[in-house]
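# Structure at a glance
As a plain string of letters, each chain reads:
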Amino acid sequence: MEFAIKYLPLVILLIPLLSFLILSFFGRRLPRQGDWLAVSLLFIDLALSIVVFIAYSTLGKYSYTIDWFDIGSNPFSSPSKFTIGFVIDEISAIMLVVVNTISAFVHLFSVKYMEGDFKYKKYFAYLGFFTFSMLGLVLTNNVLLMYVFWELVGVSSYLLIGFWYEKPAPQEAAKKAFIVNRIGDVGFLLGIMIIFFTIGSFTFTDIFEQVSAGALQGKLLTAAGILLFCGAIGKSAQFPLHVWLPDAMEGPTPVSALIHAATMVAAGVYLTARIFVMLSPDALTFVTFIGTITAFISATIAITQNDIKKVLAYSTISQLGYMIMAIGIGAMAVGFFHLVTHAFFKACLFLTAGSVIYGLHHVQDIREMGGLRRKMPITFYTFLIATLAISGVPLTSGFLSKDSILAATIAFAEINGGITYLVPITAFLVAGLTAFYMFRLLIITFLGEPRNKEKFEHCKESPIQITLPLIVLSGLSIFIFYTPNPLSADAGWFLNLVKTPQSLLVGAKGAIYHIVDKIEFSELVHHAHYPAMALSLLIAGTGILFAYILYHWKKVDVDKITERIKPIYNFSLNKWYFDELYDKTAVALTMVLSRASAWFDNKIVDGMVNGAAYVTKMTSFFSGKFDNFVIDGLVNLTAGIVGFFGLIFRKFQTGKIQTYVMFLVFGIIVLYFIFR
Amino acid sequence: MGEVGLQHYLILSAIIFGFGLYALISRRNAILVLMGIELILNAANINLIAFSKYSGLGVDGHVISVFVIILAVAEAAIALGIILALYTNYLTVNLDEANTMKD
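### Let's talk about the overall build of chain A
For chain A, the count of helices and strands is 26 helices and 2 strands. Rg of the C-alpha trace for chain A: 36 Å, well past the compact-globule value of 26 Å for 676 residues, more than 25% over. Principal-axis analysis of the C-alpha atoms places the extent of chain A at approximately 145 × 65 × 55 Å. Counting over 676 residues, chain A shows a buried share of 49%.

### Thoughts on the overall build of chain B
Secondary structure summary: chain B contains 3 helices and 0 strands in total. Helices and strands in chain B line up, N terminus first, as α-α-α. At 17 Å, chain B has a C-alpha radius of gyration far larger than the 13 Å of a compact globule built from 103 residues. With respect to the three principal axes, the spread of C-alpha positions in chain B is 55 × 30 × 20 Å. Counting across all 103 residues of chain B, residues that qualify as buried make up 13%. Within chain B, residue pairs in contact and separated by at least 24 positions form 46% of the contacts whose partners lie at least 6 positions apart.

### Considerations on the interface of chain A and chain B
Contacts between the two partners involve 6 residues from chain A and, on the opposite side, 8 residues from chain B. Taken together, the residues of the side of chain A that touches chain B sort by class into 3 nonpolar, 2 polar and 1 charged.

### Concerning the packing of helix α13 (residues 308–328) of chain A against helix α18 (residues 422–446) of chain A
Residues and elements named next belong to chain A. Packing of α13 against α18 brings their axes to within 11 Å, and their N-to-C directions diverge by 160 degrees. Viewed along their axes, α13 and α18 adopt a mutual orientation that is roughly antiparallel. Note that α13 runs across α18; the crossing there is left-handed. Contact residues: Ile308, Val311, Ser315, Ser318 and Met325 in α13; Val423, Ala427, Val430, Thr434, Tyr437, Met438, Leu441 and Thr445 in α18. Class assignment for the residues of the contact of α13 with α18 results in 9 nonpolar, 4 polar and no charged.

### Description of helix α7 (residues 204–213) of chain A
All names here are of chain A. Inspection of α7 places Phe204, Asp206, Ile207 and Val211 among the buried residues, and these make up the whole buried set. The buried residues of α7 occupy an angular sector of 160 degrees when projected down its axis, which confines them to one face. Tucked into the core, α7 has its buried residues touching α5 (143–161), α6 (168–198), α8 (218–235) and α11 (264–275). Looking one or two residues past α7, glycine 214 carries a phi angle of roughly 95 degrees, positive in sign.

### Let's talk about unusual backbone geometry
Residue and element names in this part refer to chain A. Residue phenylalanine 239 is joined to proline 240 through a cis peptide bond whose omega torsion reads 5 degrees. On the secondary structure map, proline 240 appears in the loop between α8 and α9 (244–247). The phi angle at histidine 362 is positive, at roughly 65 degrees, despite the residue not being glycine. The topology assignment puts histidine 362 in the loop between α14 (332–359) and α15 (372–375). C-beta crowding within 10 Å serves as the criterion here: with 7 such atoms nearby, histidine 362 is assigned to the exposed category. Unusually for a residue other than glycine, leucine 395 sits at a positive phi of about 80 degrees.

### As for the nonpolar core
Residue and element names in this part refer to chain A. Judged by nonpolar contacts, the single largest core of 211 residues is most densely connected at Val52, Val269, Ala326, Ala347 and Ala408. With 18 residues, the single largest contributor to this core is α14. Apart from the residues within four sequence positions on either side, valine 269 is in contact with Ala232, Ser236, Leu320, Met323, Ile324, Ile327, Gly335 and Leu339.

### Details of the environment of A:Ala427
All names here are of chain A. Relative to the assigned elements, alanine 427 resides in helix α18. Expressed as a C-alpha distance, the spacing of alanine 427 and methionine 325, which sit 102 residues apart in the sequence, is 9.0 Å. Setting aside residues up to four positions removed in sequence, alanine 427 forms contacts with Met325, Ile405, Leu406 and Thr409.

### Description of helix α16 (residues 377–391) of chain A
Residue and element names in this part refer to chain A. Helix length check: α16 (15 residues) gives 21 Å between terminal C-alpha atoms against 21 Å at 1.5 Å per residue, within 8%. Counting buried residues in α16 gives 11 out of 15 residues, a clear majority hidden from the surface. Among the residues of α16, those classed as buried are Thr379, Phe380, Thr382, Phe383, Ile385, Ala386, Thr387, Leu388, Ala389, Ile390 and Ser391. Positive phi appears at glycine 392, one or two residues downstream of α16, with a value of about 80 degrees.

### Digging into the environment of A:Gly330
All names here are of chain A. Residue placement: glycine 330 occurs in the loop between α13 and α14. The spatial distance from the C-alpha of glycine 330 to the C-alpha of phenylalanine 118 is 48 Å, given a sequence separation of 212 residues. Ignoring anything within four residues of it in the chain, the contact list for glycine 330 reads Phe412, Thr500, Ile515 and Phe521.

### Re the packing of α18(A) against helix α22 (residues 518–552) of chain A
All names here are of chain A. In the contact formed by α18 and α22, the axes pass within 8 Å of each other and the chain directions differ by 35 degrees. In the packing of α18 onto α22, the handedness of the crossing is right-handed. Contacts between α18 and α22 involve Phe428, Ala431, Gly432, Leu433, Ala435, Phe436, Phe439, Arg440, Ile443 and Ile444 on the former and, on the latter, Leu535, Ser536, Ile539, Ala540, Thr542, Gly543, Ile544, Phe546, Ala547, Tyr548, Tyr551 and His552. Class assignment for the residues of the contact of α18 with α22 results in 16 nonpolar, 5 polar and 1 charged.

### Some points on the confidence of the model for chain B
Taken residue by residue, chain B gives an average pLDDT of 87. The fraction at 70 or more is 96%. For this predicted complex, the interface score ipTM comes out at 0.80, alongside a pTM of 0.76.

### A word on the confidence of the model for chain A
Detailed conclusions should not be drawn from predicted coordinates in areas where pLDDT is low. Across chain A, pLDDT averages 86, with 99% of residues at or above 70. Mean pLDDT across the elements of chain A ranges from a minimum in helix α19 (residues 453–458) of chain A, with 77, to a maximum in α5(A), with 91.

Parameters at a glance
Residues numbered from 1 in each chain as written. Chains lettered and ligands numbered in written order. Predicted model: local features only at pLDDT ≥ 70, side-chain atom pairs only at ≥ 80, totals over all residues. Helix = DSSP H or I, 4+ residues; strand = E, 2+ residues; numbered from the N terminus. Rg over C-alpha atoms; globule rule 2.2 N^0.38 Å. Buried ≥ 20, exposed ≤ 12 C-beta atoms within 10 Å, placed from the backbone. Contact = placed C-beta atoms within 7 Å. Nonpolar A, V, L, I, M, F, W, Y, C, P; charged D, E, K, R; others polar. Axes fitted to C-alpha atoms, helices over the stretch in contact; angles between N-to-C directions. Parallel < 35°, antiparallel > 145°, perpendicular 65-115°, else oblique. Left-handed = near helix turned anticlockwise from the far one by under 90°. Arc of directions from axis to C-beta. Core = buried A, V, L, I, M, F, W, Y, C linked by C-beta atoms within 7 Å. Expected span 1.5 Å × (residues − 1). pLDDT = per-residue confidence, 0-100.

Listed below in structure tokens is the structure:
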């Protein structure tokens, strides 16, 4: 056991990397391009992470740190040592299992789904690389290293969204995801810088120690918290940076399940949960409202979407907003609980969508589906369980986590009062909307009569490689895995293991936020539990009922309602015009700036270069003239003088002895007269 | 006129040397140049013998002049050989025309 917790985390981290390396270099030579290797390595990884989890639950928290490098004494930072290390605590141990479970089943699913793709081995290599990065992000105990893995996750997400880069849409989507994430990452990096300059260490334990000692406080602490959270806004697709996630659905569907529903987008929530204790009241207010706004906006968009994956994408954003909101209001444990339950049922939903798309040969528009229940029973029932879970129907995991969050929002509003009552109101409204749009999706896709007869005829249930992950993941959406009591998660192992830590700034008051003691808070939550449950059941039931009335029993003509509320409908269908808004503002501004800088480059910088060239040319022209006339003139003058004398002296060189003799005699006579 | 003395010999010798030098310098014909050289040598011989007679050196001057004569003979033989070779090459003994090394 001791051994397991010490060394296995590193093994778990490196196995997917191994899969990536083997498939990248030898994939072509392996039988079946090595997919069996990737799948089996991931299942081994899953088994090992369960071992680590068991080891953790008996041995407790384990953290391991080594020195990475030393930058020596310098004026910028007092300590110069950088460390790396991993930590196994309740959050990372659970995340290990979650990430590996979903990754392993997505690998299995992909074997059939991606069959025949000409980049088959590359796909599995990328999946391994992603899993490696995600596990690194989860395991690290160090915010700098987390940033490194954060970016690696972003890169693998980019590669997988743009996996079918022969088509223009995935290219654009991959670029958009990468660039939008970069905006959030800038904030994350700035937050890390603030922490490094004030605290001088990157490890979470050091940071929290110094924050509680008061090394970082006041506005700077708020700024650090909000900036770190900016990373989460990008990665977890929170408003206003949520626009990349729906486009990311251009990637293969299992990728959407793994990355854009269950794991990578949860990284932002994971980060927020990690830094929760150091968030100041104002930062927490920011977090809460971002989460609430996100949950609401994307829920309203999801209602009108017609692409099966787009509905799920917006529902993912909405649920991520829920988790962020839960952490913001101080219920970190239930936020994290929702992350885990959501990871399973949302991965299941995406994989069932993948199964439907596989069965219908790449049809994604729900208006061409319908009646699939008869053709794909397993897919239908797994989808049903996951839909019940996300809608918050009792006996499912989603009910437990969502209900705890709703209770916490009520407690939160009771403490702070005033404008904060918007949070529970929105949360309940979103719960109703979620139930409505998820059942709308279910009814249109699986119930009723087939709309596209031809496609329907050719459709059949997917093979075992696809249905097995569905069954397992939908099974994990049932309450029994988390708690024995189907109505409350409080008695379950999960919430007993993961406890909301006490904020370091307990008692601090912000503009509208008051951080209270966690015991006081949990009592209020407990108090609010049953009213919240009753209300949420009522609202979810209403949502489901409306979905049935409108889409199944067709008591009211949907088109007529749509026609009557056309502006609102279009507003939702066009995703609140966020893309257009960003096109007109941020993108346009960027274009103007880039044009201006291009102009500056072309005219000023190039002008300076050309000017320098012109000056050089002129100088060289004159120095050329100088060379030609003065220097060459001197040389030619010398030569001319020499030549002139040569002309004279050559007269004497006749080549005739007699002349020489004559000169000789003449010379002797002259010498005679001189020396006489 | 008086008695013939050393200076008479020397004057004769100088005149012959002058003729020889003139012939050496001014003649174009190689044979005539050679004859000029002979004149110069004989002028020297006259000097040698004259000094020998008036300075009481015995027959030293005579001996040297015999050597000179012998040398002159050898020289004449070689020089005539050269001239002959010159003639076979250039079909002339005019020294001005034997100027191929000048160019």
